[in-house]
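Residue-level structure breakdown
Here is what each chain is made of, one letter per residue.
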Amino acid sequence: MKANIRWLDDPETFRVNQIAAHSDHLYFKNYEEWEQKRSSFIQSLDGKWQFKFSNNPQTRPLDFYKTNFDASDFDFIPVPSEIELNNYAQNQYINTLYPWEGKIFRRPAYSLGQKTDRSFSEGEDNTVGSYIKHFDLDNSFQGKYVHVFFEGVERAMFVWLNGHFIGYGEDSFTPSEFDLTPYLKEKNNILAVQVFKHSTASFLEDQDMFRFSGIFRSVKLLAFPETHLMDLALKPTITNDYHDGIFNAKLSFTGTKDGYVRLKIKDINGQTLLDEEHNLTSTITIENKLLENIHLWDNHHPYLYQLFIEVQDSNKNLIELDSYKFGFREIKITDDKVVLLNGKRLIINGVNRHEWNMNSGRTITKQDMKADIQTFKRNNINAVRTCHYPNQIPWYYLCDQNGIYVMAENNLESHGTWQKMGEVEPSYNVPGSLAKWRNVVIDRARSNYETLKNHTSILFWSLGNESYAGENLIAMNQFYKSHDDTRLTHYEGVVHTPDLKNKISDLESYMYLPPKEAEKYLKNNPSKPFLECEYMHDMGNSDGGMKSYIKLIDEYPQYLGGFIWDFIDQALLTYDPISGKKALRYGGDFDDRHSDYEFSGDGLMFADRTEKPAMQEVKYYYGLHK
Amino acid sequence: MDYTNKLHIIYGDAALGVQTKKFQYIFSYEKGGLESLKINNKEWLYRIPTPTFWRATTDNDRGNGFSVKAAQWLGADMFSQCSKIHLTVDDQKFDPLPIAPFNNQFSNHEYANLVKISFDYKTTTTPATICTITYVIDSSGHATIKMRYMGKKGLPSLPVLGMRFIMPTMATGFEYYGLSSETYPDRKAGAKKGVFRVKGLPVTKYLVPQENGMHMDTDKLIITRNTSLNNADRDTNDFQLEINKTDKPLNFSCLPYTAEEL
């Protein structure tokens, strides 16, 4: 197969040769590696890559993926990083309008009955990053199946290895994984990746944020031993009046099916609760194992059990050790429309959180994540909405460990297709009910679900943000309903199409609904629990009057709480020639037009991760219903 | 586009784009003004140009109480907003503005010879009045700017009337064909007419910072910069914006501060 740049224009082509999304379990060669948290099956490709920037597709290097290509005029760029923050392309912050507003006229393919055009494959604004990475395989990788795993690339990419086309991927915020095995060599492999800033996916990724591009999350190689656990689906549930647990799991293997699988569950003291052996088959199902006297998982006591899966060959030698930490928790809605966690009323003291670092944009580190968790803990924040895209995988592990309730949102926002000048105007809305835009959004729901399904901290699947609603949002809701009966679905955008409310979202979700309006709903025999998925817009010096929302918690059991907009300012640390010092800069400060200017700074935290003065108010009110 | 001698028009959902190879304008319906003026890919505007009604208080103003009497123009200077936009492209008048769904009929290949767009700014004075700024872009890409102020009985005397353009970065200097030194309507008899080059953006060193730097009866002004805010732009060569009089000479000041900051 050959790469085709016209895929950029086609909403029906969003993944080519990609490995199906699967669980994010960790796997090791043995217990020693597990203890050291270093897997010899993983080889990082992060670091310096060769790089060529092109202003548009017409000027991109065409043959750069070929093994005889002379890349002597390429620069070097760190991976992961944002192309813009390496100063190849202009920073731009924009909220609801598309970044090409006033510069290029575009409509989504098929939205007005028209076919695809060449708007992206020949887009004057479609900057291109061509990346080359030379690598040798680690010794432990020799002779194994090897995949390449991109954790996040904005916004569309083509991949080649040693001159051969490998695949194509969109969806900037979920992993893209490709099989490299057929074309791998021991030494001097040439991985070539071409990243386009825009494709039809741009219509689905209109989040209120700086618009970046590039390989902005880590890249690694994954090696598989002769048998590998490809997917793990855990389903721990609770029974006997919250005393006992029931453990269900489905294990899917690739490779040789000649050997054994041993599965162990241990508590935090190392006591074994379950230990059983199975003959290796493609799929192993563990059904309804009763675990007595379990500890429940919640914000105050995020108790996690350790699952080990030992994959053994026919001589019972360990060939792969898989690990997951999971908890027992139950979320449900009562007949009175109250949300219960483990039988007790759940109150969301939440924040919306963009991934942000003032130096590196959405390329954030584990240190940034840990600091944010500490800030949550210090200020009684118990929940996070991953606005408006799946976050880096380690974030969900940290939320599991720290008892943070997660609303796991899909990478979907098509705001500019249905709201203009503040008015609802959905004439060219996508995904809407357009058949050609259905698979791409279901794929986003699937990738989010399949990758993250085992995280105890995730209580809600959020279909996306501000994308209006139609048949395709219904299909996304149905996807989650047919795959997961242990969590609730969430979507706010259905407020504009109230007839669809019985098909979309388990929660009645609003953003910035004044407390009096929320009260009207709550007083009037609510049909769903009520949530403010965004409230207390914390732009600049703000956050007053929080009491008027918090008192709803005491008055209405159906009031679930809310997620403050938002956690951290999106601002960039930039040299200021006037003062000679570094200063935080926001939308419009990079000659970026159109921009929404200071609207990028809505955080409870300044971009330097210090707290705004309003944080003490949040700590106080969120402390009232801990 | 390059191959036509016409303006390329982009009928956006909240803005109108007008482009030639050299000039790119974005008129924002949301912000109510000219949001972007790019010449050879260099941005000249930090915020939309607005009418200005206030000048920094002078020592004499303080002495005779003018700034107290005229105080509501300070508010009008800072907070007056666009109340209405009028758009004509060639012979077609757009009322209402051509936003979605109306603009769905257009494409990325729309061309015209002339764009005329006016912004009415309603003053925050009591009583209120209207000040209109009109931009006419001809097929060469040059803009002619007109301003019309409707006075109103009952308003205090205007401290100043004009337009304020805020640039993204400091100018390195400016050159003009007009009067020497600093001149005012009632203080220009001693000036000589000629071409003057000014380095940087000097502020006259009055003891108390106040209105300064006015240049009356100017035929032509050229402002030079060599830096931009575009993080991807490493070019340090000079680039210029040229402003010419239309039927009457213009008056200007080119300062590193707004009237409020002085």
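Just above sits the structure.
This write-up is about the structure you can find in this document. (Residues numbered from 1 in each chain as written. Chains lettered and ligands numbered in written order. Predicted model: local features only at pLDDT ≥ 70, side-chain atom pairs only at ≥ 80, totals over all residues. Heavy atoms only, no water.)

**Thoughts on the pattern of salt bridges**
Residues and elements named next belong to chain A. Selection criterion: One speaks of a salt bridge when a side-chain nitrogen belonging to Lys or Arg is within 4 Å of a carboxyl oxygen belonging to Asp or Glu. A helix here means a DSSP run of H or I that spans at least four residues, while a strand means a run of E at least two residues long, and both kinds are numbered starting from the N terminus. Summary of the burial criterion: residues with accessible area below 20% of their type's maximum are buried, those above 50% are exposed, and those between are partly exposed, where the area comes from a 1.4 Å probe applied to protein chains only.
Tallied over the full model, the rule gives 49 salt bridges over all chains. When the shortest N-O distance is used, the salt bridge between Asp 206 and Arg 211 registers 2.9 Å. Here Asp 372 and Arg 609 are joined by a salt bridge, their closest N and O atoms 2.8 Å apart. Of this pair, Asp 372 sits in helix 2 (residues 366-378) while Arg 609 sits in the loop between strand 38 (581-585) and helix 8 (615-623), and the two are 237 residues apart along the sequence. Judged by relative accessible area, Arg 609 falls into the buried class, the value being 19%. Beyond isolated ion pairs, a larger network of salt bridges with shared partners links Glu 154, Arg 155, Glu 205, Arg 362 and Arg 444.

**Some details on the interface of chain B and chain A**
Just so we agree on the cut-off: Two residues qualify as a contact provided that any one of their heavy atoms is within 4.5 Å of a heavy atom in the partner residue. Buried area: the sum, over both parts, of the accessible surface (1.4 Å probe) that disappears when the two are put together. A 3.5 Å cut-off defines polar contacts: any pair of N or O atoms within that distance qualifies, except that in protein one atom must be a possible hydrogen donor and the other a possible acceptor, and neighbouring residues in sequence count only when both atoms are side-chain atoms.
At the interface, 34 residues of chain B touch 31 residues of chain A. In total, chain B and chain A occlude about 2,800 Å² of area from one another, counting both sides; carbon and sulfur atoms represent 50% of this. Taken together, the connections running from chain B to chain A amount to one salt bridge. With a shortest N-O distance of 3.6 Å, Arg107(A) and Asp13(B) are connected by a salt bridge. For the interface between chain B and chain A, the tally reads 22 residue pairs in polar contact (both at pLDDT 80 or more).

**Overview of the sheet that holds strand 32 (residues 458-462) of chain A**
Residue and element names in this part refer to chain A. Put simply, the test is: Only when DSSP finds a minimum of two bridges between them are two strands counted as paired. To obtain an axis, a line is fitted to C-alpha atoms, over the contacting stretch when the element is a helix, and the angle between two such axes runs from 0 to 180 degrees between their N-to-C directions.
Ordered by their spatial adjacency, eight strands build an open sheet running 33-32-29-28-27-36-35-34, and the pairing between neighbours is parallel. Of all strands in the sheet, those with a lone pairing partner are strand 33 (488-490) and strand 34 (508-511), marking the two edges. Strand-to-strand twist in this sheet, taken as the mean axis angle between neighbours without regard to direction, amounts to 25 degrees. Sheet topology places strand 27 (residues 348-352) next to strand 28 (residues 383-385); three bridges connect them, and they run parallel. Paired with Asn 352 across the two strands is Arg 385, which belongs to strand 28.

**Remarks on a positive patch on the surface**
So the rule is basically this: The residues that make up patches have over 30% relative accessible area and no salt bridge, and they are joined within 9 Å when like-charged or within 5 Å when they are Val, Leu, Ile, Met, Phe, Trp or Tyr. Each accessible area value is a Shrake-Rupley result obtained with a 1.4 Å probe; residue values ignore everything except the protein chains displayed when judging cover. The positive count covers Lys and Arg only, the negative count covers Asp and Glu only, and His and the chain ends enter neither. The atoms used to mark charge sites are NZ of Lys, CZ of Arg, CG of Asp and CD of Glu.
Residues Lys37(A), Lys325(A), Lys366(A) and Lys370(A) make up a contiguous surface patch of positive charge. You can see Lys325(A) is positioned in strand 23 (residues 318-326).

**Looking at the side chain of Asp538(A)**
Residue and element names in this part refer to chain A. By the element assignment, Asp 538 lies in the loop between strand 35 (530-535) and helix 7 (547-555). At 4.6 Å, Lys 612 is the nearest oppositely charged side chain to Asp 538, a buried residue that forms no salt bridge. Separated by 3.5 Å, the side chain of Asp 538 and the backbone nitrogen of Asp 543 make a polar contact. Setting aside chain neighbours within four positions, we find Asp 538 in contact with Asp 543, Trp 565, Asp 566, Gly 601, Asp 602, Gly 603, Leu 604, Lys 612 and Ala 614.

**Structural notes on the sheet that holds strand 25 (residues 339-341) of chain A**
Within a sheet, each strand pairs with its neighbour through backbone hydrogen bonds, oriented either parallel or antiparallel. Residues and elements named next belong to chain A. Read across the sheet, three strands follow the order 24-25-26 without closing on themselves; strand pairing throughout is antiparallel. Whereas interior strands pair on both sides, the edge strands pair on one side only; in this sheet they are strand 24 (331-333) and strand 26 (344-345). Direction of pairing for strand 24 relative to strand 25: antiparallel, over a ladder of three bridges. When the sheet's bridge partners are listed, Ile 333 is paired in strand 25 with Val 339.

**Examining the environment of Gly422(A)**
Residue and element names in this part refer to chain A. Here Gly 422 shows up in the loop between strand 30 (419-420) and strand 31 (423-424). Judged by relative accessible area, which is 59%, Gly 422 ranks as exposed. Note: C-alpha distance between Gly 422 and Tyr 131 (291 residues apart in sequence) is 40 Å.

**Topic: the packing of aromatic side chains**
How two aromatic rings sit relative to each other is set out by the distance from centre to centre and by the angle between their planes. For clarity, the threshold we go by: Geometry of aromatic contacts follows a simple scheme: Phe, Tyr and Trp rings, the Trp one being its six-membered ring, pair when their centres are within 6.5 Å, and the pair is stacked under 30 degrees between planes, edge-to-face over 60, tilted otherwise. Over a ring means this: the NZ of a Lys or the CZ of an Arg is within 6 Å of the ring centre and within 35 degrees of the ring normal.
Inspection of the entire model under this criterion finds 69 aromatic pairs over all chains. Taken together, a centroid distance of 6.5 Å and an interplanar angle of 80 degrees make the contact between Phe203(A) and Trp437(A) edge-to-face. Within this pair, whereas Phe203(A) is found in the loop between strand 13 (189-196) and strand 14 (209-210), its partner Trp437(A) is found in the loop between strand 31 and helix 4 (438-452), the two being separated by 234 residues in sequence. Residue classification places Phe203(A) among the buried positions, given a relative accessible area of 1%. Residues Tyr11(B) and Phe106(B) carry aromatic rings whose centres are separated by 3.9 Å and whose planes lie at 15 degrees to one another, so their mutual orientation is stacked. Of this pair, Tyr11(B) sits in strand 1 (residues 7-11) while Phe106(B) sits in the loop between strand 8 (92-94) and strand 9 (110-112), and the two are 95 residues apart along the sequence. Relative accessible area serves as the criterion here: at 5%, Tyr11(B) is assigned to the buried category. For Phe106(B), a relative accessible area of 13% gives the class buried. Here the guanidinium or amino end of Lys48(A) rests over the ring plane of Phe76(A), the centre of that ring lying 5.2 Å away.

**Brief notes about helix 3 (residues 72-79) of chain B**
Residues and elements named next belong to chain B. Rule in force here: Arc, as used here, means the arc of the directions from the helix axis to the C-beta atoms.
Three or more residues of helix 3 are buried, namely Trp 73, Ala 76 and Asp 77. In a view along the axis of helix 3, the buried residues occupy a sector of 100 degrees, so they form one face of it. Against strand 6 (50-52), strand 12 (143-149) and strand 13 (162-164) lie the buried residues of helix 3.

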